[in-house]
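Close look at the chain arrangement
Here is what each chain is made of, one letter per residue.
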Amino acid sequence: MLTVHFYTKENCPLCDQALLILEDLQEELGFTIEERDIHSNDEWLEAYGLMIPVVQVAGEDLQYGKIDRISLRKRLLTFI
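Summarised in this report is the structure supplied together with it. (Residues numbered from 1 in each chain as written. Predicted model: local features only at pLDDT ≥ 70, side-chain atom pairs only at ≥ 80, totals over all residues. Heavy atoms only, no water.)

Comments concerning the overall build of the protein chain
Just so we agree on the cut-off: Secondary structure counts use DSSP, requiring at least four H or I residues in a row for a helix and at least two E residues in a row for a strand, with both numbered from the N terminus. Using C-alpha atoms as the atom set, the radius of gyration is obtained and then compared with a globule rule of 2.2 Å times the number of residues to the power 0.38. Relative accessibility under 20% of the residue-type maximum defines a buried residue, over 50% an exposed one, and the middle range a partly exposed one, all with a 1.4 Å probe and only protein chains included. Contact between two residues is taken to exist if any of their heavy atoms lie within 4.5 Å; hydrogens are not considered. Per-residue and other accessible areas follow the Shrake-Rupley method at a 1.4 Å probe size, with only the shown protein chains counted as cover for residues. Positive charges are assigned to Lys and Arg, negative charges to Asp and Glu, while His and the chain termini are left out of the count. Every charge is mapped onto a representative atom, which is NZ of Lys, CZ of Arg, CG of Asp or CD of Glu.
Check the secondary structure of the protein chain and you find 3 helices and 4 strands. Overall, the protein chain shows an N-to-C arrangement of helices and strands of β-α-β-α-β-β-α. Taken over C-alpha atoms, the radius of gyration comes to 12 Å for the protein chain, in line with the 12 Å a tight globule of 80 residues would show. Every one of the 80 residues in the protein chain was classed for burial, and the buried ones make up 38%. Taking contacts inside the protein chain between residues at least 6 apart in sequence as the whole, the part at least 24 apart equals 59%. On the protein chain, roughly 4900 Å² of surface is accessible, and the fraction owed to carbon and sulfur atoms is 49%. Averaging the positions of the 7 positive and the 15 negative side-chain charges in the protein chain gives two centres separated by 9 Å.

Observations regarding the state of the cysteines
Here is the rule: Two cysteine sulfurs form a disulfide in these notes if their separation is within 2.5 Å.
In this structure the tally under the stated criterion is 1 disulfide. What pairs with Cys12 in a disulfide is Cys15, and their sulfur atoms sit 2.3 Å apart. Across the S-S bond linking Cys12 and Cys15, the dihedral sits near 70 degrees, which makes this disulfide right-handed. For the pair Cys12 and Cys15, a shared accessibility class is recorded, and that class is buried.

Focus on the side chain of Thr8
Summarising the element assignment, Thr8 is placed in strand β1 (residues 3–8). Owing to a relative accessible area of 9%, Thr8 belongs among the buried residues under this scheme. In this view, Thr8 contacts Cys15, Glu35, Arg36, Asp37, Ile38 and Ile52; residues no more than four positions away in its chain are not counted.

Section: the environment of Gly49
Looking at where Gly49 falls in the secondary structure, it is placed in the loop between α2 (42–48) and β3 (54–57). Placed 17 residues apart in sequence, Gly49 and Lys66 show a C-alpha to C-alpha distance of 14 Å.

Some thoughts on the sheet that holds β3
Here is the rule: Following DSSP output, two strands are said to pair if at least two bridges run between them. Lines fitted to the C-alpha atoms define the axes, with helices restricted to the stretch that makes contact. Angles between their N-to-C directions range from 0 to 180 degrees.
The strand order across the open sheet formed by 4 strands is β2-β1-β3-β4, and the pairing between neighbours is mixed. The open sheet has two edge strands, β2 (32–37) and β4 (60–64), and neither has a second partner. When strand polarity is set aside, the average angle formed by the axes of neighbouring strands in this sheet is 25 degrees. In the sheet, β1 pairs with β3 via 3 bridges, with the strands oriented antiparallel. Note on β3: the bridge partner recorded for Phe6 is Val55. Most of the contacts of helix α3 (residues 69–77) go to β4, to which it runs at about 165 degrees, and overall it touches β1, β3 and β4.

In structure tokens, the structure reads:
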């Protein structure tokens, strides 16, 4: 099963919106979401501190910042 890594942090309105989009797409496409709080890992914090939220699959950052459902869905379909 496909795993989507979702880089996030607490008190992030964009992250909250992105998670709702991911959960909606998860129901449709059947992947798992692994949330990763960037404050729990120094490498994640350095890499994604200014970009979050970040949606990543197989080491590839698909989208970051304001997540667009339609284009994210298209990108996810290439992995399924």
